[in-house]
Structure formats: C-alpha cells, structure tokens
Amino acid sequence: MQTSLYERLGGAAGIDKIVDSAIAAHLENPIIGTRFANARDLDRAKRMAKEFFAHGSSGGALPYSGKDMAAAHRGMNISEQEYLAATDDILGALEQHRIDEATRNDVLAILYSLKSAIIRA
Ligand code: HEM
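Residues numbered from 1 in each chain as written. Predicted model: local features only at pLDDT ≥ 70, side-chain atom pairs only at ≥ 80, totals over all residues. Heavy atoms only, no water.

Q: I'm lost on the overall build of the protein chain in this one. Help?
A: A count of helical and extended segments in the protein chain gives 8 helices and 0 strands. Written out in order from the N terminus, the α and β elements of the protein chain read α-α-α-α-α-α-α-α. In terms of overall dimensions, the protein chain is globule-like: its C-alpha atoms have a radius of gyration of 14 Å, near the 14 Å expected for 121 residues. Seen along its three principal axes, the alpha-carbon backbone of the protein chain occupies a region of about 40 × 25 × 25 Å. Taking all 121 residues of the protein chain together, the buried fraction comes to 36%. Across the protein chain, the fraction of contacts at a sequence separation of at least 24, relative to all contacts at a separation of at least 6, is 69%. Of the roughly 7200 Å² of accessible surface on the protein chain, a fraction of 53% belongs to carbon and sulfur atoms. (Helix = DSSP H or I, 4+ residues; strand = E, 2+ residues; numbered from the N terminus. Rg over C-alpha atoms; globule rule 2.2 N^0.38 Å. Buried < 20%, exposed > 50% of the residue type's maximum accessible area, 1.4 Å probe, protein only. Contact = heavy atoms within 4.5 Å. Areas by Shrake-Rupley, 256 points an atom, 1.4 Å probe, with all protein chains shown as cover.)

The structure is reproduced here in structure tokens:
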C-alpha cells in the first residue's frame, strides 16, 4: 500500500513543525504579516491548522474540530496575492523540513483546491 500523505509529512510531529514554521513565516511576510499579528487568537488558529493538515492528509481518519475554510476566512476580504503569499510560506516550510518534491506537490494541489473558499470568501 502507498504511504499516506500524513506519514510522508512526518505524522503529528512533522505537521507540528511544518505549521509552526509556516505561521512564523506568515508573521515575517510583508504581504500578510499584519493579518496574523492582528489575529483574534493565533494559538487557536495554529492548533486548528495542525488538526486541519492531519485531517486532510490522513484522508479524514484524524479529526478536525475547526471551521471550514470559507467560514474561517469570511469577511477578511483576502486577495489572490495574499493567498499566494500564504501558499508560498507553506511550501517554504515544507522545503525547510526536507519534505520531498512529490509530497510538496500533493500539498500544493490540496491548497489550490481551497483557493476559492479562501479568496474573498
Ligand atoms: C492557503 C491556505 C490556507 C489554509 C489551509 C488556512 C487554514 C486556516 C485554518 C485551519 C484556520 C483556523 C480556523 C479555525 O479557527 O477554526 C485559519 C485561520 C486564519 N487564517 Fe487561514 N488558511 C489559509 C490561507 C489564509 C490566508 C491567505 C490568510 C490571510 C492572508 C489567512 C488568514 C487567517 C487568519 C488571520 C486566521 C485566524 C483568524 C482569527 O483567529 O482571527 N489564511 N486558517
């Protein structure tokens, strides 16, 4: 059987590090940094992002207790440029943690599929 995306991301420990790095990059990113600096509850968003990636990469085997992507970003009026900046940060975090290219592309395809739920949701 093929290894699941969850396993290829390093399981819970791997996803933990990837999300921490991605959020740190968001905070440093001139295009989206203030969005995260002003977030209502960044700790919750981080926790939920970890659940979200575990849920999605395990094919739904692991739970996600957060909002769906449209509800999570509704009213923020997120632009294409901001969406791309966030995606770049996530791909950068995957590279930083030595995730292989095929796996990075799998994550990118999932992120792309969420685009219309996030931009001006
Ligand atoms: C690229 C794909 C993205 C994914 C997978 C994603 C995922 C998530 C998740 C899982 C949450 C937590 C939901 C909850 O609390 O129930 C969240 C919250 C949040 N997202 Fe995103 N997001 C993405 C893109 C973006 C973009 C482009 C922005 C803005 C530039 C953004 C800004 C935020 C902010 C500020 C919060 C926290 C809301 C708050 O607590 O005030 N996200 N996101």
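Q: Would you explain unusual backbone geometry in this entry?
A: Most of the time, phi is negative for any residue but glycine, and the peptide bond is trans. At N77, a residue that is not glycine, the phi angle is positive and equals roughly 55 degrees. Mapped onto the fold, N77 is located in the loop between α5 (69-73) and α6 (80-96).

Q: Sorry, what's going on with the coordination of the iron atom of the ligand here?
A: There is one protein donor for the iron atom of the ligand, and it is H73 (NE2), at 2.0 Å. Here H73 is to be found in helix α5. (Donors = N, O, S within 2.8 Å, 3.2 Å for Na, K, Ca; no water.)

Q: Help me understand the pattern of salt bridges, please; the structure alone is not making it clear to me.
A: A side chain with one charge can pair with a side chain of the opposite charge if their charged atoms come near. Scanning all chains against the criterion turns up 6 salt bridges. A salt bridge links K46 to D20; the nearest nitrogen and oxygen atoms lie 3.9 Å apart. Here the residue K46 occupies a position in helix α4 (residues 42-57), and D20 occupies one in helix α2 (residues 11-28), the gap between them amounting to 26 residues. Among the salt bridges present, the one from D20 reaches K50, with a minimum N-O distance of 2.9 Å. Separated by 30 residues along the polypeptide, D20 in helix α2 and K50 in helix α4 bring together distant segments of the chain. (Salt bridge = Lys/Arg side-chain N within 4 Å of Asp/Glu carboxyl O.)

Q: Any chance you could explain the packing of α2 against α6 here in plain terms?
A: For any two helices packed against each other, the geometry is given by the interaxial angle and the distance between the axes. Interaxial distance between α2 and α6 falls to 8 Å at its minimum, and their mutual angle equals 135 degrees. In terms of orientation, α2 and α6 fall into the oblique class. The two elements α2 and α6 meet at a crossing, and its hand is right-handed. Of the residues in α6, those touching α2 at I18, S21, A22, A25 and H26 are A86, D89, I90, A93, L94 and Q96. (Axes fitted to C-alpha atoms, helices over the stretch in contact; angles between N-to-C directions. Parallel < 35°, antiparallel > 145°, perpendicular 65-115°, else oblique. Left-handed = near helix turned anticlockwise from the far one by under 90°.)

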